[in-house]
Amino acid sequence: MSGKAVFLYSSELEQNSYPAECPFNSKRAGLTRKTIISMGLLSGSERSEHPPISATRQELEKFHVPAYLNALENAGKGELDANGFAMGLGTPDCPVFRGMYDYASLASGASITAANLIISGKTDIAFNPSGGYHHAGPNYAAGFCYINDIVLAALTFTRVGKRVLFLDLDVHHCDGVQAAFYRRRDVMTISLHESGKTLFPGTGFENEIGEGDGKGYSVNVPLPVGTYDSAYLKAFSEVALPLINSYNPDVFIIELGMDTLAGDPLAHLNLTNNVYAEIVSMVMKFKKPILATGGGGYNIENTVRGWALAWSVLCGDQTDDMSIGMGGMMLANTEWAGGLRDRVLLSDAGRRCVVDAEVQTVIERIRSTVFPIHGINT
Ligand SMILES: [Zn+2]
């Protein structure tokens, strides 16, 4: 075990990018790197940068079907046919752009590289801000995702016998990852997300708990519009923590989508980035290796700050300074200038009541359906 935290990045990731009109901005990884460098968070003996190795065709085929990879490769050269379109390419959510195959292979290769660094014992903590494409399926693209790096990284771990806890904090349900492991128990998936009743992809309800051998190993915590920090943390503490304790994984993969943050233009939760600092530090207390990835996040500035904060926690640099935001002036959280952390965000009491009741119902449902499978007393 090594204490060094590894940041996966290469300027090659900036060579190809999603079209300007697409909300998904692949420059966020480079901007995060810039921020952490400016704060001295990428130097010293505790942290280092590592270049990603592009995923090979053989690696991509561990999850994706050849016909889909062919269509993706052709689309990246400007040749989109009906076949590619039928597989989700060339839509507003999964636009075709030059070099997209190379970009997706490198971005997903970064998660595989991170998994291999952990397996070889070179690091216990790795962060790939260019990863987190949890919607992609074996033969289709969806929700800005072409290659499912989470599935590929998880398979890299399971191939060497490691049991994986995948924790998805993105505001969207991780439908692609869930489907890949729905009948398996060597990858437990816990996803907290805005309910599919109000948000893409419309899945991830409490009754989706896995099937066959995997029954009880897919866990979904759908959250109502307006969910705020303490309601979210309550759901995490009362659902995820007991399950993580009971499952006792060998390794964590955490998807740190920042589209849960208040003000995200595509979603409707009301979190501050303090939640990510809290959860990452709670997960670190399990003393298991962690592969963290990026994900969604469509307010670029908030997303970059959130990832920089998560990185600072991952490399042990963040002291618990929650109090900094307390009692401050009422600024919009984007105006908060007190470092990487958002100021504490107060939400409307009426809305809080509605959120609390809905979150409590979800928690109770999961405790009654999933916990008994794991022998957890409620
Ligand atoms: Zn998302």
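So, how was this worked out
- Residues numbered from 1 in each chain as written.
- Predicted model: local features only at pLDDT ≥ 70, side-chain atom pairs only at ≥ 80, totals over all residues.
- Heavy atoms only, no water.
- 1 Å grid on protein atoms, 1.4 Å probe; cavity = no way out; pocket = protein on both sides within 12 Å on 5 of 7 lines; lining within 4 Å.
- Points joined across faces, edges and corners; volume = space filled by probe spheres on them.
- Phe/Tyr/Trp six-rings, centres within 6.5 Å; stacked < 30°, edge-to-face > 60°.
- Helix = DSSP H or I, 4+ residues; strand = E, 2+ residues; numbered from the N terminus.
- Buried < 20%, exposed > 50% of the residue type's maximum accessible area, 1.4 Å probe, protein only.
- Nonpolar A, V, L, I, M, F, W, Y, C, P; charged D, E, K, R; others polar.
- Donors = N, O, S within 2.8 Å, 3.2 Å for Na, K, Ca; no water.
- Axes fitted to C-alpha atoms, helices over the stretch in contact; angles between N-to-C directions.
- Parallel < 35°, antiparallel > 145°, perpendicular 65-115°, else oblique.
- Contact = heavy atoms within 4.5 Å.
- Salt bridge = Lys/Arg side-chain N within 4 Å of Asp/Glu carboxyl O.
- Lys, Arg positive; Asp, Glu negative; His and termini not counted.
- Polar contact = N/O pair within 3.5 Å; in protein donor to acceptor, adjacent residues only side chain to side chain.
- Right-handed = clockwise from strand over helix to strand, strands pointing away.
- Pairing = 2+ DSSP bridges.

> Summarise empty space enclosed by the protein; cite the residues concerned and give the values.
Counted under the stated rule, the structure contains three cavities of 30 Å³ or more. The space that makes up the largest cavity amounts to roughly 40 Å³. Every residue along the wall of the largest cavity is listed here: Phe24, Asn25, Ser26, Arg28, Ala29, Tyr103, Pro129, Ser130 and Tyr133.

> Can you lay out the packing of aromatic side chains for me, pointing to particular residues and giving the numbers?
Taken as a whole and assessed by the stated rule, the structure comprises 14 aromatic pairs. Ring geometry for Phe127 and Trp311: centres 6.5 Å apart, planes at 20 degrees, overall stacked. Note that Phe127 is positioned in strand 3 (residues 125-128) and Trp311 in helix 10 (residues 300-314), a separation of 184 residues in sequence. Looking at Phe127, the relative accessible area reads 0%, which means it is buried. Consider the rings of Phe252 and Phe286, whose centres lie 5.8 Å apart with planes at 50 degrees: the pair is tilted.

> Describe the layout of surface pockets, and please don't skip the residues or the numbers.
Computed from the structure, the largest pocket encloses a volume of approximately 230 Å³. Lining the largest pocket are 14 residues, with Ser195, Lys197, Pro222, Pro224 and Glu358 positioned closest to its centre. For the lining of the largest pocket, the elements supplying multiple residues, two or more each, are strand 6 (218-223) and helix 11 (349-369). Residues belonging to the lining of the largest pocket are distributed by class as follows: six nonpolar, three polar and five charged.

> Which residues make up the coordination of the zinc ion, and what values do they have?
Around the zinc ion, the protein supplies Asp170 (OD), His172 (ND1) and Asp259 (OD) as donor atoms, at distances of 1.9 to 2.1 Å. All donors to the zinc ion come from one chain, and their sequence spacing reads D-x1-H-x86-D. The same class applies to Asp170 as to His172, namely buried.

> How would you sum up the packing of helix 8 (residues 229-247) against helix 11? Please name residues and give values.
Close contact between helix 8 and helix 11 brings their axes to 10 Å; oriented N to C, the two are set at 10 degrees. As the angle between them shows, helix 8 and helix 11 are arranged roughly parallel. Touching Ala231, Lys234, Ala235, Glu238 and Val239 of helix 8 are Val355, Asp356, Val359, Gln360, Ile363, Ile366 and Arg367, all from helix 11. For the contact of helix 8 with helix 11, the residue count by class is seven nonpolar, one polar and four charged.

> Before we move on, could you go through the environment of Ile290 and cite the residues and values that matter?
Assignment of secondary structure puts Ile290 in strand 8 (residues 290-293). Residue class for Ile290 comes out buried when judged on its relative accessible area of 0%. Separated by 233 residues in sequence, Ile290 and Arg57 have C-alpha atoms that sit 26 Å apart. With sequence-adjacent residues up to four places away left out, Ile290 is seen in contact with Ile118, Asp124, Ile125, Ala126, Phe252, Ile254, Val283, Met284 and Leu314.

> A description of unusual backbone geometry should follow, citing residues and the corresponding values.
Most peptide bonds take the trans configuration, and most residues that are not glycine carry a negative phi. Residue Pro201 is reached from Phe200 by a cis peptide bond, and omega for that bond is 0 degrees. Even without being a glycine, Asn248 presents a positive backbone phi close to 50 degrees. Locating Asn248 in the fold gives a position in the loop between helix 8 and strand 7 (251-255).

> An account of the pattern of salt bridges is needed here, citing residue identities and associated values.
Side chains bearing opposite charge may pair, as long as their charged atoms lie close to each other. Inspection of the entire model under this criterion finds nine salt bridges. The salt bridge partner of Arg57 is Glu61, with a shortest N-O separation of 2.7 Å. Glu61 sits in the partly exposed class, given a relative accessible area of 36%. Note that Arg185 and Asp213 form a salt bridge whose closest N and O atoms lie 3.4 Å from each other. Of this pair, Arg185 sits in the loop between helix 7 (175-180) and strand 5 (187-194) while Asp213 sits in the loop between strand 5 and strand 6, and the two are 28 residues apart along the sequence. A residue is classified by how much of its surface remains accessible, and Asp213, at 46% relative accessible area, is partly exposed. Among the charged side chains, a network of salt bridges with common partners joins Arg57, Glu61 and Glu73.

> Let's hear about the side chain of Asp149: which residues, and what values?
Here Asp149 lies in helix 6 (residues 149-159). Arg28 provides the closest opposite charge to the buried, salt-bridge-free Asp149, at an N-O distance of 10 Å. Here Ser111 takes part through its side chain, which lies 2.7 Å from a polar atom of the side chain of Asp149. Not counting chain neighbours up to four residues away, the residues in contact with Asp149 comprise Ser108, Ser111, Asn128, Gly131, Gly132, Tyr133 and Thr293.

> An account of the pairing of strand 5 is needed here, citing residue identities and associated values.
Counting buried positions along strand 5 yields eight of eight residues, so the element is predominantly enclosed. On the question of chirality, the crossover connecting strand 4 (residues 164-168) to the parallel strand 5 by way of helix 7 is right-handed. Relative to strand 6, strand 5 runs parallel, the two being bridged by six bridges. Following the sheet pairing, Leu192 is matched in strand 6 by Val221.

> Can you explain helix 1 (residues 28-38)? Please cite residues and give values.
Among the residues of helix 1, Arg28, Ala29, Gly30, Thr32 and Ile36 are the ones counted as buried. Buried residues belonging to helix 1 abut strand 1 (5-8) and helix 10. Just downstream of helix 1 lies Gly40, where phi reads positive at about 75 degrees.

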